[in-house]
Amino acid sequence: MHAEIHGHRGARGLRPENTLPGFAHALELGVDALEFDVALTADRRLVLTHDLTVSAVTSVDTRPARHGDPLFPYVGRPVGELTLAQLRTLNCGVRLPRHPEDRFVRTQLPLPHTRMPTLGAVLGLVDAYGADGVRIHVELKSDPTRPELSADPREFTEMVIAELDRHHRLGGAAILSFDWRILDIARSLAPATQRYALIERATMDSVWLNGLRLEDFDGDIPAAAVAAGGTTLSPDHVLVEEELARRAQKAELPLAVWTVNEPERAAELLDLGVAGVITDYPDRMRALWTDRGMRVPAPVTSMRHGDV
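Note that the coordinates shown come from a computational prediction; the quantities given were computed from them, not determined experimentally.

Draft legend 1. Structural view of the overall build of the protein. For the protein, the count of helices and strands is nine helices and nine strands. Here the C-alpha radius of gyration of the protein, 19 Å, is about what a compact globule of 308 residues would show, namely 19 Å. Taking the principal axes of the C-alpha coordinates as reference, the protein spans close to 60 × 45 × 40 Å. Counting only contacts in the protein whose residues sit at least 6 apart along the sequence, the fraction spanning at least 24 positions is 64%. Of the roughly 13,200 Å² of accessible surface on the protein, a fraction of 50% belongs to carbon and sulfur atoms.

What follows is the structure, given as structure tokens:
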């Protein structure tokens, strides 16, 4: 069988998440896809962040962007309230001592002074590595229950697609979101680009699913994802069992499952026929793939245009 390895936020278990060093490390290990999160700043820039408010776990204030900035400190503030210049002052490479809620303290190499990158910078890094065979999986962070924190879904989707197109990456990209409004918008704007319908127990509600109700599909999540415009279903791995896998196969919808860090669980999911595993530890998955005689993605070990 064939299944892909997707580096979650780069290689979150090994390097700081959603950072250029993290993506470089994932490329050098070898992944089929880089998965990461984007949000929109106050000055309409696309930046990488998992949280719609600046996280104290992944970010540390260093200095204000300008003297007397009334928004400083920035940690804890909405990303959409801050400019790129303000966000670029943050240390996103994790500084010692580690935050008590940091789950990766034992395995993640801290890289102090690492900054929050833009989507364009990440695409530039991938291009510099010549990683044309590695797909770009962009999760658009949008919470329909918190519109005050979220960008307008159409403008947001248009901007992400335009940036991917500018870097000639639309053909090797995927748009991901828990907010299924974005899937529908992406379907109309870039129908040939893959669309991953993210879902977990907390988002099984019509407000997240672009007005769709799972009960109208007899609880069939894959059928609802197809109706929403998804080309791949991407559920929390705890949702995946034989019945969901059977329904996904019936709907001809691949399963890309998150976030899977234990090889034993990954092996169970492979036996259920998943098409991809999204992981904080690409190294662990590569070892499992090798043990099972499966193809592993080739490492990308050198830049073709020099440093970014």
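Draft legend 2. Focus on helix 6 (residues 221-228). Among all positions of helix 6, only Ile-221, Pro-222, Ala-224, Ala-225 and Ala-228 are buried. For helix 6, the buried positions fall inside an angular range of 160° around the axis, keeping them on one side. Contacts made by the buried residues of helix 6 are with helix 5 (180-189), strand 6 (194-199), strand 7 (232-235) and helix 7 (242-250). Just beyond helix 6, the residue with positive phi is Gly-229, at close to 105°.

Draft legend 3. The arrangement of unusual backbone geometry in detail. Geometrically, the link from Phe-72 to Pro-73 is a cis peptide bond, its omega value of 5° lying close to zero. Here the phi dihedral of Arg-9 falls at roughly 55°; this positive angle occurs in a residue that is not glycine. Along the polypeptide, Arg-9 turns up in the loop between strand 1 (4-8) and helix 1 (20-29). The backbone phi angle of Arg-44 is positive, close to 60°, even though this residue is not glycine. You can see Arg-44 is positioned in the loop between strand 2 (33-40) and strand 3 (46-48). Arg-44 sits in the partly exposed class, given a relative accessible area of 39%.

Draft legend 4. Spotlight on helix 1. Listed as buried for helix 1 are Gly-22, Phe-23, Ala-24, His-25, Ala-26 and Leu-27. Check the buried side of helix 1 and you find it contacts strand 2, strand 3 and helix 3 (119-128). Where helix 1 ends, the next residue or the one after it, Gly-30, has phi of about 110°, a positive value.

Draft legend 5. Expanded view of the pairing of strand 2. Burial analysis of strand 2 places eight of its eight residues in the buried class, which makes it a mostly covered element. Of the two faces of strand 2, the one lined by Ala-33, Glu-35, Asp-37 and Ala-39 and the one lined by Leu-34, Phe-36, Val-38 and Leu-40 are each fully buried. Of the pairings in the sheet, the one linking strand 1 to strand 2 comprises three bridges and is parallel in character. Each bridged residue has a counterpart across the sheet, and for His-6 the counterpart in strand 2 is Ala-33. After leaving strand 1, the chain enters helix 1 and then returns to the sheet as strand 2, a path that is right-handed. In the sheet, strand 2 pairs with strand 4 (residues 135-140) via six bridges, with the strands oriented parallel. Residue pairing in the sheet places Val-38 in a bridge with Leu-140 of strand 4. Sheet topology note: the strand 2/strand 3 ladder contains three bridges and is antiparallel. Along strand 3, the bridge assignment pairs Ala-39 with Val-47. The loop that links strand 2 with its antiparallel partner strand 3 comprises five residues; one of these, Arg-44, has a positive phi angle of about 60°.

Draft legend 6. Quick look at the pairing of strand 1. The element strand 1 is largely enclosed, with a buried count of five among its five residues. The two faces of strand 1 match: Glu-4, His-6 and His-8 on one face and Ile-5 and Gly-7 on the other face are all buried. Bridge analysis of strand 1 against strand 9 (residues 276-279) gives four bridges, and the strand direction is parallel. The residue bridging Glu-4 from the neighbouring strand is Gly-276, located in strand 9.

What counts, and at which threshold
- Residues numbered from 1 in each chain as written.
- Predicted model: local features only at pLDDT ≥ 70, side-chain atom pairs only at ≥ 80, totals over all residues.
- Heavy atoms only, no water.
- Helix = DSSP H or I, 4+ residues; strand = E, 2+ residues; numbered from the N terminus.
- Rg over C-alpha atoms; globule rule 2.2 N^0.38 Å.
- Contact = heavy atoms within 4.5 Å.
- Areas by Shrake-Rupley, 256 points an atom, 1.4 Å probe, with all protein chains shown as cover.
- Buried < 20%, exposed > 50% of the residue type's maximum accessible area, 1.4 Å probe, protein only.
- Arc of directions from axis to C-beta.
- Pairing = 2+ DSSP bridges.
- Right-handed = clockwise from strand over helix to strand, strands pointing away.

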